[in-house]
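# Examination of the molecular architecture
What follows is the residue order along each chain.
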Amino acid sequence: MTAALPPPSAPHRLHDETVEQLLASGERRRELTALLGEQAYRELSELARRARVTRRGAPVVYVLPGLMGSRIGTRGKWLDDVIWLDPVEVAAGHLTRLALPRGARLVPLGVMLLNALKLKLSLQVAGFDARFHAYDWRGSVETLARELNARIAAEGAREVLLVGHSMGGVVARLALASDPGRIARVVQLGSPNNGSFAPVLALRAVYPTVRKLAALDLRHSAEDLARIVFRTLPALHELLPDAQLAGPLDLFDATAWPDDALRPERALLADAAAARGRWPAADPRCLHVVGVRQETVIRAELRGREFRYTLRDEGDGTVPQSLATLPGALHWFVAEKHGGLPNNGRVIAATVDLLRTGSTDRLPAATRRPRAAAARTVTESALRRVAPHKVRWQDLSADARRRLLEPVVSPEFHGSVPPA
């Protein structure tokens, strides 16, 4: 069995199921520890051993990662040709291959395991038949929901459950709305049901993750990546913030954006606005765990040729609470950052409850708004001073490598966000 495995130098290119097998067996510990971190490796290997056996007839749960949480590339027999996210491909400037429509032949290969594997294995240990559903996060949410429903139908389970983090929860909610009766319940974790300002920051090339990736790209700037790649992706446009909830700007209107090379295309904005108009209202079968009390961008204003952003402790660091919640829906709240929700033990335990019974006492079902929460503002000029120099992958600490997709700028990137 192990003789057929690919070489140990490329653990991030392995298929998801192979990584789970290696975690359970204890093989390749050194490489997987470098990929996951010592603490995460110990925890995940223990969970993988306990999750080895799935009971016959166990409830089927599909686990959907968030935006940018699925690996994208070309499928191989043992090793995948990964574009998103392979550091060698990033350094070579190949992220531009993700741009649509040219990059439409690329497919989802698996999930970013550090952000999703603990949740999936924990659900298996709890008695569920948990399955990852990687998806091409570049595409339209409605298309992704149809693809999810098609997979559910093809795999033949009479009744299934869905758990979706961030954008994955929105895909799951739309799949529920068009489901013919197979989906019993959906649990969302930090989902931008009414959008988020993270896509705005990405399209403006000032989101910290975009700037970190550009620092590793020897051929392109963050502005290049935004202009060439992000401005072509329907999902980023569909996840823009609802103007009625997060004004004053209607960001589905091109004239609300700075008049420069990063302004979104009118056609993509119009298509996104039309799609958002078709998104469903609250459904009692859709339950939501919302992160709170983290500094989050809650507002954007046009100032000359750039946006100025207001941040307040009213969200999970990525999705404002006002844009996560839906009138008439059921919510539970936790003081946790966006990226930490799928790995938070209390959140996972609450998710198990919600899948089983539709309710949980592990998290509060109401949250108080912070008293006189302080706000600060930051300009795009200040955000563009983050990660201003090129950085070599080999010079990054192991922790910085693992946290590449998080909106946290480590010292290796030589920059910080000064006050406005």
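Check the entry above for the structure.
Okay, so let's go over this structure. Computed from a predicted model, the values in this text were never measured in an experiment.

## Description of the nonpolar core
Ranked by internal contacts, the top residues of the largest apolar core, which has 86 residues, are Trp84, Leu162, Phe230 and Tyr309. With 7 residues, the single largest contributor to this core is helix 7 (residues 167–177). Those residues within four positions of Tyr309 in sequence are excluded, and the remaining contacts are Val200, Leu201, Arg204, Val206, Val297, Arg299, Ala300, Arg376, Thr377, Val378, Glu380 and Leu383. Of all hydrophobic cores here, the second largest spans 41 residues; its members include Leu44, Leu119, Val163 and Ile348.

## Quick look at the side chain of Ser196
Along the polypeptide, Ser196 turns up in the loop between strand 7 (183–189) and helix 8 (198–203). A relative accessible area of 3% places Ser196 in the buried class. For Ser196, the side chain forms a polar contact with the main-chain nitrogen of Ala198, separated by 3.1 Å. Only 2.7 Å separates the side chain of Ser196 from the backbone oxygen of Thr318, close enough to count as a polar contact. In this structure Ser196 touches Leu239, Leu240, Pro241, Thr318, Val319, Pro320 and Leu323, once residues within four positions along its chain are discounted.

## Re the sheet that holds strand 12 (residues 375–379)
Pairing is antiparallel in the open sheet, where 3 strands are placed in the order 9-10-12. Looking at strand neighbours, the two that pair on one side only are strand 9 (294–303) and strand 12, the edges of this open sheet. In this sheet, adjacent strand axes meet at a mean angle of 25° when their direction is disregarded. With 5 bridges connecting them, strand 10 (residues 306–315) and strand 12 associate as antiparallel partners.

## What to know about the sheet that holds strand 8 (residues 286–291)
Spatial ordering of the open sheet is given by 5-1-6-7-8-11, a layout of 6 strands whose pairing is parallel. A strand with exactly one partner marks an edge of an open sheet, and here the two such strands are strand 5 (129–132) and strand 11 (330–334). If you compare each strand with its neighbour and ignore which way they point, the axes differ by 20° on average. Looking at chain direction, strand 7 and strand 8 are connected through 4 bridges and run parallel. Opposite Val186, over in strand 8, you have Cys286 as the bridge partner. Packed onto the sheet, helix 14 (residues 345–357) meets strand 1 (60–64), strand 6 (160–165), strand 7, strand 8 and strand 11 and runs at close to 160° relative to strand 7.

## As for the environment of Arg52
Examined against the element boundaries, Arg52 turns out to sit in the loop between helix 3 (38–50) and strand 1. For Arg52, a relative accessible area of 56% corresponds to the exposed category. Setting aside chain neighbours within four positions, we find Arg52 in contact with Ala24 and Ser25.

## Some words on the side chain of Asp136
With respect to the element layout, Asp136 can be found in the loop between strand 5 and helix 6 (141–155). In this structure Asp136 comes out as buried when scored by relative accessible area, which is 15%. At 2.7 Å, the side chain of Asp136 forms a polar contact with the side chain of Arg138. Setting aside residues up to four positions removed in sequence, Asp136 forms contacts with Ile72, Leu106, Pro108 and Leu144.

## Remarks on helix 14
Taking 1.5 Å as the rise per residue, helix 14 with 13 residues should run 18 Å; its terminal C-alpha atoms sit 18 Å apart, in good agreement. The complete set of buried residues in helix 14 reads Val347, Ile348, Ala350, Thr351, Val352, Asp353, Leu354 and Leu355. Against the buried residues of helix 14 lie strand 1, helix 5 (113–125), strand 6, strand 7, strand 8 and strand 11. Its side-chain oxygen placed 2.9 Å from the backbone nitrogen of Arg346, Asn344 serves as the N-cap of helix 14. Once helix 14 finishes, Gly358 follows within two positions and takes phi at roughly 85°, a positive value.

How each quantity is defined
- Residues numbered from 1 in each chain as written.
- Predicted model: local features only at pLDDT ≥ 70, side-chain atom pairs only at ≥ 80, totals over all residues.
- Heavy atoms only, no water.
- Core = buried A, V, L, I, M, F, W, Y, C linked by side-chain atoms within 4.5 Å.
- Buried < 20%, exposed > 50% of the residue type's maximum accessible area, 1.4 Å probe, protein only.
- Helix = DSSP H or I, 4+ residues; strand = E, 2+ residues; numbered from the N terminus.
- Contact = heavy atoms within 4.5 Å.
- Polar contact = N/O pair within 3.5 Å; in protein donor to acceptor, adjacent residues only side chain to side chain.
- Pairing = 2+ DSSP bridges.
- Axes fitted to C-alpha atoms, helices over the stretch in contact; angles between N-to-C directions.
- Expected span 1.5 Å × (residues − 1).

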